[in-house]
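Now for the letters of each chain:
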Amino acid sequence: MAASDATTDDSLYPIAVLIDELRNEDVQLRLNSIKKLSTIALALGIERTRSELIPFLTDTIYDEDEVLLALAEQLGALTPLVGGPEFVHCLLPPLESLATVEETVVRDKAVESLRLISEQHSPSDLETYFVPLLRRLASGDWFTSRTSACGLFSVAYSKVSHNVKGELRATFRMLCQDDTPMVRRAAASKLGEFARVVEVEWLKADLIPMFVLLAQDEQDSVRLLAVEACVSMAELLQQEDVEQLVMPTLRQCAEDKSWRVRYMVADKFTELQKAVGPEISKQDLVSAFQALLKDPEAEVRAAAAHKVRDFCQALDPAFRESLIMNQILPCVKELVSDANQHVKSALAAVIMGLSPILGKDNTIEHLLPLFLTQLKDECPEVRLNIISNLDCVNSVIGIQQLSQSLLPAIVELAEDSKWRVRLAIIEYMPLLAGQLGVEFFDEKLNTLCMAWLVDHVYAIREAATNNLKKLVEKFGVEWAQSTVIPKVLAMARDQNYLHRMTCLFCINVLSEACGPDVTGKVLLPTVISMANDNVANVRFNVAKSLQKLTPRMEAQATHSAIKPVLDKLITDTDVDVKYFASEAMAVLSG
């Protein structure tokens, strides 16, 4: 008997711990106990989880938001621990309470878990347990429960009987016309999802009128969500129905007085285009797109500019070129010199993609002048977006034409009197080199890269040094040995001591890219020869270079070649040279 009592006590222990911790003042303890819910349910067994644990959780839903959030998440995964799909309905009461709380994140998580467990209900259980819960939420006094209800219609609809379907549609219509904007907003955000499960006849009879109503709502936050629903509805309807039922409302949204609604139309434009099909796109969407590209609000223009390439690509091939040339391109030309840099940047990211669509002649005549303008734009992001996409144009007009038109503009920027402009071009050079290839680079741009190494601004020399390393990584060590290294080593004999120092900086970074063999045989002798330089700054940079090269070469060769040089520099008359030589010696000895 005593043994059986002990067993009972043991089985009670987990629930006792949970109750204690859930009532503890420390939030962290309460949170930890909720996160262990599945372990505790496992220990209690299916029967007691249903009869004790779930009712207890339902009664204690007054806590910190983070505890409630964890509870909403855990409940969604408890189906196997309450006895599987047959008993899943016992998880509904606590989730129903959580779906009505004030904190949005908790409500959203409760709805997510309710959607999850709705799939595990049989059709009869859905009607017996889930649909009444949906009714209660949809007719709740507080807007919080009504907003949560909006997310549950689509998961219940397809499994229930014909009569219940009619009731669900009527309830959803009621929520679309709710007095509270938050509820209408939730209904608008779920309208597209609900439309996908509703039969086409009821979609036309019940949901389209709601879509039209929401798209004319007094709150712009509701109207902009109706635009998303528009995509789903257009995909589900026949062409003539789209023209008749959806397009009047879409035209109205594209000209809405609120820029946020117009922004949403611009943002979803290519999805809308795909949904309504090529014929309606040609008749209606081209003019709407023109209007969005000319919108007074910069955010709307930027969103529309972003879609230029994809929109043009998806136009009917039979009319594509004439539509772009006559209607879209004039708007694009205006955007190239837009006052807002985000608009120009969005356009620059996609404008090169028009080249393959329009072909060689149109690109040379109409697009190249626009690319040139953007290459010279004061905004670095615009220039970068153009340079990043040069390969699109290269494949259409060929390297020769590209070098005649765009390259002079790049060279001009590379020699600009403002050093920050020169710096920006250096940073794009590895990208450009990768797109144009090694032969073209050697012919047109190599001289430029070497000229930057002797620029009168230190920041340019430093950037040019790092640029060399990236180029070697791109084109390989053999290219470096034949093209770059001889020119760098020649700088060791330059009259200007700053250029001799740049030679050392280049050797430091090239040794990383070229490996131990080239470093030991080609680069090291030059560094050693500069140890006798008559400028102290050069000599202490020799010491610093030797310190950097030491770990990158074979130990034996390093020791015999470098140690005598450092021994000499340690006895130098200049205090800085002595200091850096001793630092290098420490690395060599270590």
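Below you will find a few notes about this structure. (Residues numbered from 1 in each chain as written. Predicted model: local features only at pLDDT ≥ 70, side-chain atom pairs only at ≥ 80, totals over all residues. Heavy atoms only, no water.)

Overview of the side chain of Thr147
- When you line up the elements, Thr147 lands in helix H9 (residues 143–150).
- Given the relative accessible area of 13%, Thr147 is considered buried.
- Polar side-chain contacts of Thr147 include one of 2.7 Å to the backbone oxygen of Thr144.
- Aside from chain neighbours lying at most four places away, what touches Thr147 is Arg107, Met182, Val183 and Ala186. (Helix = DSSP H or I, 4+ residues; strand = E, 2+ residues; numbered from the N terminus. Buried < 20%, exposed > 50% of the residue type's maximum accessible area, 1.4 Å probe, protein only. Polar contact = N/O pair within 3.5 Å; in protein donor to acceptor, adjacent residues only side chain to side chain. Contact = heavy atoms within 4.5 Å.)

Let's talk about a negative patch on the surface
- On the surface, a cluster of negative charge is made up of Glu64, Asp65, Glu66 and Glu102.
- Note that Glu102 resides in the loop between helix H6 (92–98) and helix H7 (104–118). (Patch = residues over 30% accessible without salt bridge, like charges linked within 9 Å, V, L, I, M, F, W, Y side chains within 5 Å. Areas by Shrake-Rupley, 256 points an atom, 1.4 Å probe, with all protein chains shown as cover. Salt bridge = Lys/Arg side-chain N within 4 Å of Asp/Glu carboxyl O. Lys, Arg positive; Asp, Glu negative; His and termini not counted. Charge placed at Lys NZ, Arg CZ, Asp CG, Glu CD.)

Digging into helix H29 (residues 458–475)
- Counted at 1.5 Å a residue, the expected span for H29 with its 18 residues is 26 Å, and the 26 Å between its end C-alpha atoms agrees.
- When H29 is considered as a whole, its buried residues turn out to be Ile460, Arg461, Ala463, Ala464, Thr465, Asn467, Leu468, Leu471, Val472 and Phe475.
- Looking one or two places after H29, you find Gly476, whose phi comes out positive at around 100°. (Expected span 1.5 Å × (residues − 1).)

Here we look at the layout of surface pockets
- Roughly 310 Å³ of volume is contained in the largest pocket.
- Lining of the largest pocket is provided by 14 residues; of these, Thr104, Asp108, Thr147, Ser148 and Ala186 occupy positions nearest its centre.
- Only H7, H9 and helix H12 (181–195) provide two or more residues apiece to the lining of the largest pocket.
- Tallying contributions element by element places H12 first for the lining of the largest pocket, with 5 residues.
- Grouping the amino acids of the lining of the largest pocket by side-chain chemistry returns 5 nonpolar, 5 polar and 4 charged. (1 Å grid on protein atoms, 1.4 Å probe; cavity = no way out; pocket = protein on both sides within 12 Å on 5 of 7 lines; lining within 4 Å. Points joined across faces, edges and corners; volume = space filled by probe spheres on them. Nonpolar A, V, L, I, M, F, W, Y, C, P; charged D, E, K, R; others polar.)

The analysis is restricted to geometry; functional conclusions fall outside its scope.
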